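Coordinates in review
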Amino acid sequence: MQRTTRRATAPMLAAAPRNFPEAQPPRPMLSSGMAVNSSGTRARASGASRNGARGKSLDDAHMAATAAFTARSLKTASPRPFGASIVHTRTGSVLLRALNAVRQEFDPSAHAEVRAIRLATKKLKKISLAGYTLYTTCEPCPMCMSAALWSGLDRVVFGATIADANRHCNQIVIPATEVAARADMPCVVDGPVLRDVCYALFTHPNMLRAFLTWSTRKKK
């Protein structure tokens, strides 16, 4: 699948399970131009953009590892398709990973990206995550993208899209690039990356059964 980049303005590297049963190839996605911030200037974090084939390879590796980490939940009683990693932009070292824990913590805001950001700032004992990149198996919702912007992350790199997730559960369908474009804080938004691998998390048989128990499941 050809990857497109949506510009809004980068361990445990296990091989990601690329072909879950019943996985469906996602629809192609159009790319958008670099977004502008509220001051009208083009926003791209310094040194944070991908650099050719090497940057693509690193993004693929980190996304594959994030998907593999998330896929482990599919073998548990609480499968989840949403996982996130926070990685040092320059060195590529993984700071931490987190899963969505809305049901486990009885917290509607406990999305994987928000949890990763909370855990990272506590671990670093500072509120800024400048110098770090967030990898997430699904495009951040407006809440998660806002948290990424407020935390000062260099980049957000996503796998499946909001439209992919919306086939299975309720979403606020506003692209992450649109949220970033309206912010004063610069942040690069890249994706989809390994979209088919990440969307396969949603279509795994155990996940499809679990969706039936979610109060936010997509009702047809």
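Residues numbered from 1 in each chain as written. Predicted model: local features only at pLDDT ≥ 70, side-chain atom pairs only at ≥ 80, totals over all residues. Heavy atoms only, no water.

1. A word on the pattern of salt bridges
Pairing is possible between side chains of opposite charge, provided their charged atoms come close. The condition is simple: In what follows, salt bridge is the name for a side-chain nitrogen of Lys or Arg lying within 4 Å of a carboxyl oxygen of Asp or Glu. Secondary structure is summarised from DSSP: a helix means a run of H or I of at least four residues, a strand means a run of E of at least two, and numbering begins at the N terminus for each. Working definition: with a 1.4 Å probe on protein chains only, accessible area under 20% of the residue-type maximum means buried, over 50% means exposed, and in between means partly exposed.
Inspection of the entire model under this criterion finds eight salt bridges. A salt bridge links Lys56 to Asp60; the nearest nitrogen and oxygen atoms lie 3.0 Å apart. Of this pair, Lys56 and Asp60 both sit in helix 1 (residues 52-71), separated by four residues, roughly a single helical turn. Given the relative accessible area of 17%, Asp60 is considered buried. Notably, a salt bridge pairs Arg118 with Asp107, separated by 3.4 Å at the nearest N-O pair. Of this pair, Arg118 sits in helix 3 (residues 112-124) while Asp107 sits in the loop between helix 2 (102-105) and helix 3, and the two are eleven residues apart along the sequence. Assessed through its relative accessible area of 35%, Arg118 is described here as partly exposed.

2. Overview of the environment of Gly83
Formally: The contact criterion used throughout is that any non-hydrogen atoms of two residues lie within 4.5 Å.
One can find Gly83 in strand 1 (residues 83-88). For Gly83, a relative accessible area of 0% puts it in the buried group. Apart from the residues lying within four places of it in its own chain, the contact partners of Gly83 are Thr66, Thr70, Ala98, Leu99, Ala112, Tyr135, Thr136 and Thr137.

3. Brief notes about the sheet that holds strand 2 (residues 94-99)
Sheet strands pair by backbone hydrogen bonding; their relative direction is either parallel or antiparallel. The following threshold applies: The pairing criterion is simple: DSSP has to find at least two bridges between the two strands. Interaxial angle, 0 to 180 degrees, is taken between N-to-C directions of lines fitted to C-alpha atoms, where a helix line uses only the stretch in contact.
Read from one edge to the other, the open sheet built from five strands follows the order 2-1-3-4-5, with strand pairing classed as mixed. If you trace the sheet from one side to the other, it starts and ends with strand 2 and strand 5 (188-190), each paired once. When the angles between neighbouring strand axes are averaged without regard to direction, this sheet yields 15°. Pairing of strand 1 with strand 2 involves five bridges; the strand directions are antiparallel. Counted as the bridge partner of Gly83 is Leu99 from strand 2.

4. Re the layout of surface pockets
Quick reminder of the rule: Only protein atoms enter the 1 Å grid used here, on which a cavity is any set of points holding a 1.4 Å probe that cannot leave and a pocket is any open set flanked by protein within 12 Å on both sides along at least five of seven lines; residues with an atom within 4 Å of a point are listed as lining. Grid points are joined across faces, edges and corners, and a volume is the space filled by probe spheres set on the points. Residue classes follow a fixed rule: Ala, Val, Leu, Ile, Met, Phe, Trp, Tyr, Cys and Pro count as nonpolar, while Asp, Glu, Lys and Arg count as charged, and any other residue, Gly among them, counts as polar.
Space inside the largest pocket adds up to approximately 530 Å³. Asn100, Val102, His111, Asn170 and Thr216 are the residues nearest the centre of the largest pocket, which is lined by 22 residues in total. Every element with two or more residues in the lining of the largest pocket is listed here: helix 2, helix 3 and helix 4 (142-151). Per element, the largest residue contribution to the lining of the largest pocket is three residues, and it comes from helix 2. Here the lining of the largest pocket is composed, by residue class, of eleven nonpolar, seven polar and four charged.

5. Considering the side chain of Thr70
Positionally, Thr70 belongs in helix 1. Not counting residues up to four positions away in its chain, the partners in contact with Thr70 are Arg80, Pro81, Phe82, Gly83, Leu99, Thr137 and Leu201.

6. Thoughts on the nonpolar core
How we decide: Put simply, buried Ala, Val, Leu, Ile, Met, Phe, Trp, Tyr and Cys residues joined by side-chain atoms within 4.5 Å make one nonpolar core.
Phe82, Ile86, Met145 and Phe202 are the most contacted members of the largest nonpolar core, which totals 48 residues. The leading source of residues in this core is helix 7 (residues 195-203), at five residues. If we skip the residues at most four places from it in the chain, Met145 touches Pro140, Val156, Ala176, Val179, Ala180, Cys187 and Val189.

7. Structural notes on the packing of aromatic side chains
Quick reminder of the rule: Only Phe, Tyr and Trp rings are paired, with Trp represented by its six-membered ring, and only when their centres lie within 6.5 Å; those with planes under 30 degrees apart are stacked, over 60 edge-to-face, the remainder tilted. For a lysine, the NZ atom is tested; for an arginine, the CZ atom; a charge sits over a ring if that atom is within 6 Å of the ring centre and within 35 degrees of the ring normal.
Scanning the model with the defined rule gives five aromatic pairs in all. With a centroid separation of 6.3 Å and an interplanar angle of 15°, the aromatic rings of Phe202 and Phe211 are classed as stacked. Classification of Phe211 by relative accessible area gives buried; the value is 4%. We note Arg167 situated over the ring of Tyr199; from NZ or CZ to the ring centre the distance is 4.9 Å.

8. Here we look at the side chain of His62
Inspection of the secondary structure assignment puts His62 in helix 1. Classification of His62 by relative accessible area gives buried; the value is 7%.

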